[in-house]
Amino acid sequence: PKTCAIHIHGYHMDGLWEIIDKLKDRSSDFDLLITTNCLEKREAICEYLKKNTLNSGARNWQVIQTEDRGRNIGPLLIDLFDRIAGYECVLHIHTKKSEHWDSRSTTWIKDLHKKLIGSAELISDIRSAFHSDPELGLLIPQPSEVIRPWVHWGQNFSVAKMILQGMNHGLN
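Since this is a predicted model, take the numbers as computed values, not measurements.

Student: Would you explain the packing of helix α1 (residues 16-23) against helix α6 (residues 103-117) in this entry?
Tutor: The description of two helices packed together rests on the angle between their axes and the distance between the axes. Relative to each other, α1 and α6 sit at 20°, their axes nearing to 12 Å. Considered as vectors, α1 and α6 are oriented roughly parallel to each other. With respect to the hand of their crossing, α1 and α6 are arranged in right-handed fashion. In contact with E18, I19, K22 and L23 of α1, α6 contributes K110, H113 and I117. Looking at the contact of α1 with α6 residue by residue, the class counts come to 3 nonpolar, 1 polar and 3 charged.

Below is the structure:
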């Protein structure tokens, strides 16, 4: 894909600078969109990016304050929908903090980030997968071993199936 955006939902500030800094060596052919839920966080993120613009690797960046709704995906699909519509490829990544999961939360998010932005070659391979298969609409990494026992559709299956049917796609 020619035009790509990376969306980071930074509800939790822990780990956000690390994600931004990792992007520096990964690619420079993307726009960076960061959402967060309050003015203080937005200002801190803007200040960091102003001081570290070259560290982000992005062509352009925006920090958008959004409501705290829809967990980490709500800001992407609701608040940024019009902004991302023009991109051929969008990578969604977020910060994570789950006190009730102790060290599993840290292990999970590090594994997820490794599988999404672990190297420049990985990002290139992901972009190539979308470029070579125009029917590919979503690519999700294999869940980390530490959370795999808890990964299931639950009540989301029927909702996802209905949404995909409305888009002329199936889900089994």
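Student: Quick question: what am I supposed to make of the packing of aromatic side chains here?
Tutor: The geometry of an aromatic ring pair is captured by the separation of the ring centres together with the interplanar angle, meaning the angle of the planes. For the coordinates displayed, the defined rule picks out 2 aromatic pairs. Ring geometry for W17 versus Y48: centroids 4.3 Å apart, planes at 20°, classification stacked. Here the residue W17 occupies a position in helix α1, and Y48 occupies one in helix α2 (residues 39-51), the gap between them amounting to 31 residues. Overall, W17 belongs to the partly exposed group, its relative accessible area being 30%. Judged by centre distance (5.4 Å) and plane angle (85°), the rings of W153 and F157 are edge-to-face. The exposure class of F157 is partly exposed, given its relative accessible area of 25%. Geometry around Y11 places K41 over its ring, the cationic atom sitting 4.4 Å from the centre.

Student: Would you take a moment to explain the sheet that holds strand β3 (residues 60-65) for this structure?
Tutor: Within a sheet, adjacent strands bond to each other through the backbone by hydrogen bonds, running parallel or antiparallel. Taken in spatial order, the 4 strands of this open sheet run β3-β2-β1-β4, and their pairing is parallel. On the outer flanks of this sheet lie β3 and β4 (89-94), each paired with one strand and no other. Direction aside, neighbouring strands of the sheet carry axes that sit 15° apart on average. Sheet analysis places strand β1 (residues 4-9) next to β4, joined by 6 bridges and oriented parallel. The residue of β4 that forms the bridge with H7 is H92. Along the sheet, α1 makes contact with β1, β2 (31-36) and β4, crossing β1 at roughly 165°.

Student: Help me understand the environment of N168, please; the structure alone is not making it clear to me.
Tutor: Considering the arrangement of structural elements, one finds N168 in the segment after α8 (156-166). Residue N168 is classed as exposed on the basis of its relative accessible area of 72%. As for N168 and L136, which are separated by 32 residues in sequence, their C-alpha atoms are 14 Å apart.

Student: Mind showing me how you'd approach the nonpolar core here?
Tutor: General note: in soluble globular proteins, nonpolar side chains tend to be found buried as a group. The biggest cluster of nonpolar side chains holds 26 residues, and the ones touching the most others in it are I6, I8, L32, I34 and I117. Elements that contribute at least two residues to this core include exactly β1, α1, β2, α2, β4, α6 and α7 (120-132). Core analysis: the second largest hydrophobic core is formed by 6 residues, A5, L33, L76 and I84 among them.

Student: Looking at this structure, how should I read the state of the cysteines?
Tutor: Covalent bonding between the sulfur atoms of two cysteines defines a disulfide. For the structure shown, the criterion picks out 0 disulfides. Left unpaired, C89 is separated from the closest cysteine sulfur, that of C4, by 3.9 Å.

Student: Please clarify how the packing of α1 against α2 should be interpreted in this entry.
Tutor: It is the contact of α1 with α2, at a shortest axis distance of 12 Å, that shows an interaxial angle of 30°. Here α1 lies roughly parallel to α2, going by the angle between them. Two packed elements cross with a definite hand, and for α1 against α2 that hand is right-handed. Touching L16, W17, I20 and D21 of α1 are A44, I45, Y48 and L49, all from α2. For the contact of α1 with α2, the per-class residue count stands at 7 nonpolar, no polar and 1 charged.

Conventions adopted
Residues numbered from 1 in each chain as written. Predicted model: local features only at pLDDT ≥ 70, side-chain atom pairs only at ≥ 80, totals over all residues. Heavy atoms only, no water. Axes fitted to C-alpha atoms, helices over the stretch in contact; angles between N-to-C directions. Helix = DSSP H or I, 4+ residues; strand = E, 2+ residues; numbered from the N terminus. Parallel < 35°, antiparallel > 145°, perpendicular 65-115°, else oblique. Left-handed = near helix turned anticlockwise from the far one by under 90°. Contact = heavy atoms within 4.5 Å. Nonpolar A, V, L, I, M, F, W, Y, C, P; charged D, E, K, R; others polar. Phe/Tyr/Trp six-rings, centres within 6.5 Å; stacked < 30°, edge-to-face > 60°. Buried < 20%, exposed > 50% of the residue type's maximum accessible area, 1.4 Å probe, protein only. Lys NZ or Arg CZ within 6 Å of the ring centre and 35° of its normal. Pairing = 2+ DSSP bridges. Core = buried A, V, L, I, M, F, W, Y, C linked by side-chain atoms within 4.5 Å. Disulfide = S-S within 2.5 Å.

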